[in-house]
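# Geometric and topological summary
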Number of protein chains: 2
Amino acid sequence: MAAMSEDDLIASFFAPLAGEGGLGLADDVARLALSENHELIVTTDGVVAGVHFFADDPPASIARKALRVNLSDLAAKGARPLGFLLTLALPETWTRDWLAAFAAALGEDARAYHCPLLGGDTVRTPGPLTIAITALGETPRGTMTARTTARVGDVVAVTGSVGDGALGLAVRHARHEAAPPAWIAAIGEEKAGALLQRYLEPLPRACMAEAVRGWASCAMDVSDGLVGDLRKLTAASGVSASVDLDLAPLSAAAAAALAADESLARQIFAGGDDYEILLTVAPEHYDALAAAARAAGCGLTPIGEITPVSEPFRVMWRGTPAAFGKGSFSHF
Amino acid sequence: MAAMSEDDLIASFFAPLAGEGGLGLADDVARLALSENHELIVTTDGVVAGVHFFADDPPASIARKALRVNLSDLAAKGARPLGFLLTLALPETWTRDWLAAFAAALGEDARAYHCPLLGGDTVRTPGPLTIAITALGETPRGTMTARTTARVGDVVAVTGSVGDGALGLAVRHARHEAAPPAWIAAIGEEKAGALLQRYLEPLPRACMAEAVRGWASCAMDVSDGLVGDLRKLTAASGVSASVDLDLAPLSAAAAAALAADESLARQIFAGGDDYEILLTVAPEHYDALAAAARAAGCGLTPIGEITPVSEPFRVMWRGTPAAFGKGSFSHF
């Protein structure tokens, strides 16, 4: 499709998605006013075909995941989305149908999450499809929930359920394998499909942003595995933690998978792609935050507490210290 | 170098570049307050090895160009830089020396242009090196210089000199060719080197931002060639223009190249990679803007005027309408 110029491509597929600040994608920049007494919260994430997703994943899923991993970061910081910028490096093999499906899904998510397209750049690449999204959000000045502010005695809790994304990736891999793991057959097609869907299209906890900002003492999104990300949070805050993974929230599908194969615990608790919010909260504020999580439809589950830095980082699983406590999936 | 984790890589090479809002690159987001009564101006540009630069270009030049093309957009909109986010997709072949040189040059530019690193994402790619930068800036509310606001009777002018980047690209290509074009030998090594340097490391007119905002009626940066970009500006503004390319500012090197080979006019005026500011200004404000451009060291040259949309888009060259008037380099 090299016959289409960049300007035509933008006009056809992306200009219809542009928010007010995007100036119709007809200028080189976007312009955006923050709400009074707010500050800008900004994050960027890149994904590459063959590394972060499969080139033959549905274009709608690729679009949603590329945007949602950024929305997950904003939510965990308590920020309200303002919009996003998209850099799209397209291989020569792109087709009009592929791009139309990609742009349509991106537009749906932009509306659903109140995060309009503000601008971008479309380039060609001799390599794999590569997508970089920068998402902009805002919080009232000084209220962003940091990663460095967990306090001894805080409850450690996590939204939704963990492990689905990592197990979903295993399901995705199995579709290319002659002999898929036995647990996938054991849990059945419906549960396997649910895991795959969570991998393909994570569910950023955007509805939790305000409650996180209001009640959590510290938060981050879980993208590299629950245990590894908790370790990062405690290190950044200069504290330690004691958690029990038997308390960790599992979906029905992940619970069935774990029942079929105990060794999946590593993937569930130290895998990646959860996009839940891991947070700490003072005990007296826990109930308010849990109520907000119920209202948001994702729920919140306490899994332990923040301890002094002099204590060991303690991760229990089935009554003993978990051997995979140091593991963390690295995207790089 | 796959043995280095993303966290180690960020700590070694990029955390030292982080500005205050970057939170030491230890969180998933950056936080930034705008000046009072200012609004955010944001732009993003992606570059791919083998498309926008050569994989064996010096890493310092690759870094500078990736950032500067974004700074050029901010300058043309009258915006003061606030900082930038970097998404870096690294091929497996990266080395510590390469990345150290890349990061050092990026840090130098970040300081020189008062545009600190705020955050980013580093991923691996099976494809070519790919860099996406999002630059953030601010203008006093309502003062951004748009592309849509040229007025009939305005002077059309351009900063610095045009054509150097496109000719520099030709010089770069010639280094791989058995029989380089005769004009390169004709102008001599020093001038060829100057053109190459302008291609490798454009000079964004950051010092012009305030004057552009104050005096220009309309502006954009010239990235796709003077003639094509003027056409875009007039189309966006609903006007036409009459310009004479014999008035257009050429560097000594470009003038010598053109003297050696008249056919280079197409590359000079319709090539790309100028990163000058094309602007329109009411005649009564021209002198103030020109004085600011002299002070900024780049100069400003009038090349024509804005005419009613009922007039033809008129580009003269050597006394006749230029045949390449419709041409525009497309990055895509």
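Residues numbered from 1 in each chain as written. Chains lettered and ligands numbered in written order. Predicted model: local features only at pLDDT ≥ 70, side-chain atom pairs only at ≥ 80, totals over all residues. Heavy atoms only, no water.

## Quick notes on the pattern of salt bridges
This structure, assessed with the given rule, holds 38 salt bridges over all chains. For the salt bridge of Asp7(A) with Lys232(B), the shortest nitrogen-to-oxygen distance reads 3.8 Å. One end of the pair, Asp7(A), is in helix α1 (residues 6–14); the other, Lys232(B), is in helix α7 (residues 226–237), on a second chain. Its relative accessible area of 44% is what places Asp7(A) among the partly exposed residues. Here Arg124(A) and Glu92(A) are joined by a salt bridge, their closest N and O atoms 3.8 Å apart. A residue pair is termed long-range when its members are at least 10 positions apart, and Arg124(A) in strand β4 (residues 117–125) and Glu92(A) in the loop between β3 (80–91) and α3 (96–112) qualify at 32 residues. Residue class for Glu92(A) comes out partly exposed when judged on its relative accessible area of 45%. Put simply, Asp7(A), Asp224(B), Asp229(B) and Lys232(B) are held in one network by salt bridges that share partners. (Salt bridge = Lys/Arg side-chain N within 4 Å of Asp/Glu carboxyl O. Helix = DSSP H or I, 4+ residues; strand = E, 2+ residues; numbered from the N terminus. Buried < 20%, exposed > 50% of the residue type's maximum accessible area, 1.4 Å probe, protein only.)

## Topic: unusual backbone geometry
A positive phi is found at Asp273(A), a non-glycine position, where the angle reads about 65°. For Asp273(A), the position within the fold is in the loop between α9 (265–270) and β9 (276–281).

## A closer look at the UniProt feature "binding site: Mg(2+) 5" (unreviewed entry) in chain A
Summarizing the sequence annotation, UniProt attributes the feature "binding site: Mg(2+) 5" (unreviewed entry) to Asp224(A) in the numbering used throughout. Taking relative accessible area as the criterion, Asp224(A) reaches 10% and is therefore assigned buried. (UniProt positions renumbered as here; feature names shortened; annotations may be inferred.)

## As for the domain arrangement of chain A
You'll often see interface size given as the accessible area lost when the parts meet. Residues and elements named next belong to chain A. Domains assigned within chain A are domain 1 (6–140) and domain 2 (155–321). A C-alpha centroid distance of 26 Å is found between domain 1 and domain 2. Facing the 22 residues of domain 1 at the interface are 21 residues of domain 2. Buried surface at the junction of domain 1 and domain 2, both sides included, amounts to about 1,800 Å², of which 57% is carbon and sulfur. The largest per-residue losses of area from domain 1 upon contact with domain 2 belong to Phe54, Lys65 and Ala76, which jointly make up 29% of the total buried on that side. Between the two partners, domain 1 and domain 2, sit four salt bridges. Across the pair Lys65 and Asp273 runs a salt bridge, and its minimum N-O distance is 3.5 Å. Our enumeration of links across domain 1 and domain 2 arrives at eleven residue pairs in polar contact (both at pLDDT 80 or more). For the side of domain 1 that touches domain 2, the element with the most residues is helix α2 (residues 59–76), which contributes eleven residues. Of the residues assigned to the side of domain 1 that touches domain 2, the class counts are ten nonpolar, five polar and seven charged. (Domains from an automatic or database assignment. Contact = heavy atoms within 4.5 Å. Buried area = accessible area lost by both parts, 1.4 Å probe. Polar contact = N/O pair within 3.5 Å; in protein donor to acceptor, adjacent residues only side chain to side chain. Nonpolar A, V, L, I, M, F, W, Y, C, P; charged D, E, K, R; others polar.)

## Digging into the relation of the copies chain B and chain A
For the match of chain B to chain A, the screw axis carries a shift of 0.0 Å, the RMSD comes to 0.0 Å, and the turn is 180°. Such values leave the two copies arranged in the relation of a two-fold axis. Nearest to the rotation axis, the C-alpha of Gly127(B) is located 2.1 Å from it, this being the minimum over chain B. Here 100% of the interface residues in chain B have copies in chain A that are interface residues too; the copies meet face to matching face. (Least-squares fit on C-alpha atoms with pLDDT ≥ 70 in both.)

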